Structure formats: structure tokens, C-alpha cells
Amino acid sequence: MADEALFQFLHNEVIQYIYKSSEHGEMENGRCITKLENMGFRVGQGLIERFTKDTARFKDELDVMKFICKDFWTCVFKKQIDNLRTNHQGIYVLQDNKFRLLTQLSAGKQYLEHAPKVRKRNGGKLTCQALFIPGQLSPHEWFSLPLSLQYLAFTCGLVRGGLSNLGVKSIVTAEVSVMPACKFQVMIQKM
């Protein structure tokens, strides 16, 4: 319980750091976003390395995705993914009906104005690999993103980093339709 609260607090502070650094013009806004996603990517790589050191090799990418949904997600968010779907052509959808990093956000009335119902970029989807290129988002665009989507950048990087360390190159997008439910779409890039 305490480690979960610490993780949420750290995540919130990282988001606050990005807000403050972009408000004061310390860094170009796109670099702040890239930094957040890259932090998630690096943490995902490290966690997967640690979690899989005593695990047998995965036979295919579906096994890798099952490991991400069960073991990896449980270690990070203290619960399994609620639903995993695939089209068997390299696209997986991971659904978490009560995503831990959005639970507190969705409970507060002061955040309702930032909920995804307001304005959505790319139809409410946050594409980490596309949006987190330095200079891609202007400060106005960053602040107009729904707050819930801003809170998903680290997790997109986390999943992408974990998959990368397992030899799976991917693009991870996140979508929120009703908070705190969240869908992560993983598109496997064939090498």
C-alpha cells in the first residue's frame, strides 16, 4: 500500500515538474514531454530486465504481451490488465478499467474540466512515439491536452521500454474514454 502511494506521488511530482519547467520556459515543451516518455521507457527496460532474469524465453509475441498484462502490470500497478485483445496481426489492446494513475485524478471534481470529454488531440489518443518528438507540441497544445492524457505518457514509455527490452519494437498509444478506464494500444513493428 505504501509503495503504491509513493509511486503515485512520484509520478504526480514528475508531471508537476514538467508543468513548471514549461511554464518558466526552462526547456522547450516538446523536450519535457520527451523526457517524461523516455523516463518511462528507461524504467520499463530496467523493470523487465529484473522481472525476466529467471523466466524462460517467450515463444512468441502473444506470450510477451501476456507477460506484460499479468506479471509486469501486477508488479507496477498491483493488478492485472482487465482485458487483452488482439487482431493477430501485430495490434494489441490492453484495457485497464481502473487505471491507478487516473483513479485519484478522476475522483477529484476540480479535474472534471480536464477530462477527455472536453478536447481531444488525435481523437483522444496519445501517441507517445509521435507526440514526444522535441518541438512536436507547442506549449499551447501541451496545456490543451486533457490532463488525463498527460498522465499516460510515462506509462506508454513504460510499456514500450519493457517490450523493447524483450526484443519487440512497438508504438504505444493510450486512449481514455471514461476515467479512470484506459486503453493502451500496442502496435508491433515488424523488423
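Bear in mind that the values here come from a model prediction, so they are computed numbers and not experimental data. Position labels on residues start from 1 in each chain and follow its written sequence. Two thresholds apply to this predicted model, a pLDDT of at least 70 for residue-level local features and 80 or more for giving and counting side-chain atom pairs, whereas whole-chain, interface and lining totals are computed over all residues. Side-chain descriptors were evaluated using all non-hydrogen atoms of the structure, hydrogens and water having been removed beforehand.

**Considering the overall build of the protein**
Next, step 1: A run of DSSP states H or I qualifies as a helix once it reaches four residues; a run of E qualifies as a strand once it reaches two. Both are numbered from the N-terminal end. Within the protein, the secondary structure is distributed over eight helices and five strands.
Next, step 2: For the protein, the N- to C-terminal ordering of α and β elements is α-α-α-β-β-α-β-α-α-α-α-β-β.
Next, step 3: In the protein, of all internal contacts separated by at least 6 residues, the share reaching a separation of at least 24 is 65%.
Next, step 4: Accessible surface area values rest on a Shrake-Rupley calculation with a 1.4 Å probe, where residue burial reflects the displayed protein chains alone. Working note: accessible area of the protein is about 10200 Å², and carbon and sulfur atoms make up 52% of it. Contact definition: two residues touch when any of their heavy atoms are within 4.5 Å.

**Structural notes on the pairing of strand S1 (residues 83-86)**
Next, step 1: Only when DSSP finds a minimum of two bridges between them are two strands counted as paired. Taken together, the four bridges between S1 and strand S2 (residues 91-96) define a ladder with antiparallel strand orientation. When the bridges of S2 are listed, Thr86 appears paired with Tyr92.
Next, step 2: The antiparallel hairpin formed by S1 and S2 contains four residues in its connecting segment, where His88 sits at a positive phi of about 60°.

**Quick notes on the environment of Ala174**
Next, step 1: Within the secondary structure layout, Ala174 lies in strand S4 (residues 170-175).
Next, step 2: Whether a residue is buried, partly exposed or exposed follows from its accessible area with a 1.4 Å probe, protein chains only, as a fraction of its type maximum: under 20%, in between, or over 50%, in that order. With a relative accessible area of 0%, Ala174 lands in the buried category.

**Examining the nonpolar core**
Next, step 1: For this analysis, a nonpolar core means a set of buried residues of the types Ala, Val, Leu, Ile, Met, Phe, Trp, Tyr and Cys, connected via side-chain atoms within 4.5 Å. With 37 residues, the main nonpolar core has Leu94, Phe99, Leu152, Leu163, Phe184 and Val186 as its most contacted residues.
Next, step 2: Among the elements of the structure, helix H1 (2-23), helix H2 (29-51), helix H3 (61-77), S2, helix H4 (100-107), helix H8 (153-165), S4 and strand S5 (182-188) are those that each provide at least two residues to this core.
Next, step 3: Ignoring sequence-local partners within four residues, the contact set of Phe99 consists of Trp73, Phe77, Leu152, Thr155, Pro180, Cys182 and Phe184.

**Overview of the pattern of salt bridges**
Next, step 1: Salt bridges are identified by distance alone: a Lys or Arg side-chain nitrogen within 4 Å of an Asp or Glu carboxyl oxygen. Counted according to the given criterion, the structure contains four salt bridges.
Next, step 2: The residue Arg160 makes a salt bridge to Glu37 at a minimum N-O spacing of 3.0 Å. Here the residue Arg160 occupies a position in helix H8, and Glu37 occupies one in helix H2, the gap between them amounting to 123 residues.
Next, step 3: Since its relative accessible area comes to 15%, Arg160 is described here as buried.
Next, step 4: Residue classification places Glu37 among the buried positions, given a relative accessible area of 2%.
Next, step 5: Here Lys79 and Asp82 are joined by a salt bridge, their closest N and O atoms 3.1 Å apart.

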